[in-house]
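A look at the structure
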Amino acid sequence: MLSRRGFIGSAAVLASASVVSGRVEAANIPEAPTTTTNTMQPPLAPQSGPAYQPVATLNGWTLPWRQNGDWKEFHLVAEPVVREFAPGMKVHLWGYNGQSPGPTIEVVEGDKVRIFVTNKLPEHTTVHWHGILLPNGMEGVGGLTQPHIKPGKTFVYEFVMRKSGTFMYHPHADEMVQMAMGMMGLFIVHPRDEKLHRVDRDFVFLMASYDIDPGAYLPKVNTMTDFNLWTWNSRVFPGIDSLAVRQGDRVRVRIGNLSMTTHPIHMHGHDFAVTGTDGGWVPESARWPEVTIDVPVGAMRAFEFVADEPGDWAIHCHKSHHTMNAMGHAVKNFIGVQKRDLVTGIRRIVSPDYMAMGSRGMAEMGAMEMQLPDNTLPMMSGYGQFGPLEMGGMFSVVKVREGLGANDYKDPGWYQHPPGTVAYEVEGPTPPPARAEGAPNTPTNGPKVVKPRNGGHDHH
Ligand SMILES: [Cu+2]
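Residues numbered from 1 in each chain as written. Predicted model: local features only at pLDDT ≥ 70, side-chain atom pairs only at ≥ 80, totals over all residues.

Turning to the sheet that holds strand 10 (residues 185-190), a few remarks are in order. One open sheet holds the four strands; their spatial order is 5-10-9-7, and the pairing between them is mixed. Each end of this open sheet is capped by a strand with a single partner; those strands are strand 5 (105-108) and strand 7 (128-130). Each neighbouring strand pair of the sheet contributes to a mean axis angle of 25 degrees, computed without reference to strand direction. (Pairing = 2+ DSSP bridges. Helix = DSSP H or I, 4+ residues; strand = E, 2+ residues; numbered from the N terminus. Axes fitted to C-alpha atoms, helices over the stretch in contact; angles between N-to-C directions.)

Here it is as structure tokens:
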């Protein structure tokens, strides 16, 4: 049992004594819990020590630990896993304890943490504890600070949590491949003082990107920029859990970015304060208001707000291609082109399945039942109470409701709007759409622009 007195009074003595005992105990490897479920597991409330508010890992879970003397012991197993990105698509990834991302590790400032890492991958690995202050030899850079963990071997990491905050873990061995294969997890350290940075709900997720050909099960690991699936905790909309919030709750969202580009995460309906990075808590006097927070590559951001606005509020990456699933970027802009007139001819030449699309934008694809290869998600999908959402990728909904139970994270369904508070249609004459003079006419583009007969610059 961890005691506050022991930590504050004799931390140095305990640390040196337990390094010795650690070597002895290392042979006694704790069991490694595993899960293959895609739905959020109930947050793991602390059984001893400070009564912190446990984090809610979207579509994920928190790794149970074993108390062994002064040490909290965890066991991570690096291994091949199958992750469903959304119903209709499963991906062969590498992860930890049955899932990608791996389970969230959750501890308290001052804890002595011992993490066993077993490698069941076909190649060597290490685990780097991103952002955590620890002895150099414990930080997991293969070749630099430790020998690699060979397949079949188990290594032990031991360190004392010197500060609270929002961190992550990932390999520092064959990184390009191992991170492209989904190896990553969250590492949350709660303050020892229960009242510090206290919130009622604390959501966490990691952002990643994958390049998976339609119909394929394996990401292309060499892709540098042209990814086609943008994930939160290795899930895409509509497969991402909604964030159920009780009206009036103080809410924190912690986001890490292990993809290859930045993600400006935008939340509707509230403004929030940026309260933390993987470097620590932002001092109260330095917090700034936002509705969008750009999360740089290899970084974490935490923001907080009071959920005082009931409703279904979108939360999403503001790069619009990141709220879509795999698509062909080479598609031309056909807005205004009457492809319908050409389709019979094209079908004769190209394929009887050819479809005329894009003449009025791409929204029609949100509701279309298209023939897709097996194990492929539509470019955009998902339905709300008013129709198709035309989204994919990095998109979810913050559902603020009156009277939810504390720690009730179940999807509360769609928001019941009070009468007279939904945008509505009116009828009446509207002006014709604008069109540049001289641009070729198509019947869909409103009134004909009449060209002057002997219009000055036309020569024949
Ligand atoms: Cu993005």
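Now for the pairing of strand 14 (residues 250-257). Buried residues dominate strand 14, accounting for seven of its eight residues. Of the strand pairs in this sheet, strand 11 (residues 201-210) and strand 14 are connected by seven bridges, and their pairing is parallel. Looking across to strand 14, one finds that Val204 is bridged to Arg254. (Buried ≥ 20, exposed ≤ 12 C-beta atoms within 10 Å, placed from the backbone.)

This part is about the environment of Thr154. Structurally, Thr154 is set in strand 8 (residues 154-160). Judged by the 16 C-beta atoms lying within 10 Å of it, Thr154 is partly exposed. When the C-alpha atoms of Thr154 and Lys120 are compared, they prove to be 9.3 Å apart, with 34 residues separating the residues in sequence. Apart from the residues within four sequence positions on either side, Thr154 is in contact with Ile29, Phe116, Val117 and Thr118. (Contact = placed C-beta atoms within 7 Å.)

Once that is clear, we can look at the sheet that holds strand 15 (residues 263-267). Judged by pairing direction, the sheet is mixed, and its five strands sit side by side in the order 13-24-21-15-19 without closing on themselves. Edge strands, defined here as strands with exactly one partner in the open sheet, are strand 13 (243-246) and strand 19 (292-295). Neighbour to neighbour, the strand axes of the sheet diverge by 20 degrees on average, direction disregarded.

This brings us to the confidence of the model for the protein chain. For the protein chain, the mean per-residue pLDDT works out to 87, and 81% of the residues sit at or above 70. Within the model, pLDDT remains below 50 along residues 1-22, and this stretch shows 16 contacts once partners closer than five positions in the same chain are excluded. A low-confidence stretch, residues 454-460 stays under pLDDT 50, and its non-local contacts, those more than four residues away or across chains, total zero contacts. (pLDDT = per-residue confidence, 0-100.)

Ranked by internal contacts, the top residues of the largest apolar core, which has 86 residues, are Met168, Phe187, Leu206, Leu229 and Val236. The element contributing the most residues to this core is strand 11, with seven residues. Residues in contact with Met168, not counting those within four places in the same chain, are His130, Met184, Gly185, Leu186, Phe187, Leu206, Gly256 and Met300. (Core = buried A, V, L, I, M, F, W, Y, C linked by C-beta atoms within 7 Å.)

Moving on, we come to the pairing of strand 16 (residues 272-277). In this sheet, strand 18 (residues 289-290) lies alongside strand 16 in antiparallel orientation, the contact comprising two bridges. The residue of strand 18 that forms the bridge with Ala273 is Pro289. Bridge count for strand 16 against strand 20 (residues 299-306) is four bridges, and the pairing is antiparallel. Counterpart to Val274 in the pairing with strand 20 is Phe303. The sheet contact formed by strand 16 and strand 17 (residues 280-281) spans two bridges and is antiparallel. The residue bridging Gly276 from the neighbouring strand is Trp281, located in strand 17. Hairpin geometry of strand 16 and strand 17 is characterised by an intervening segment of two residues between the two adjacent antiparallel strands.

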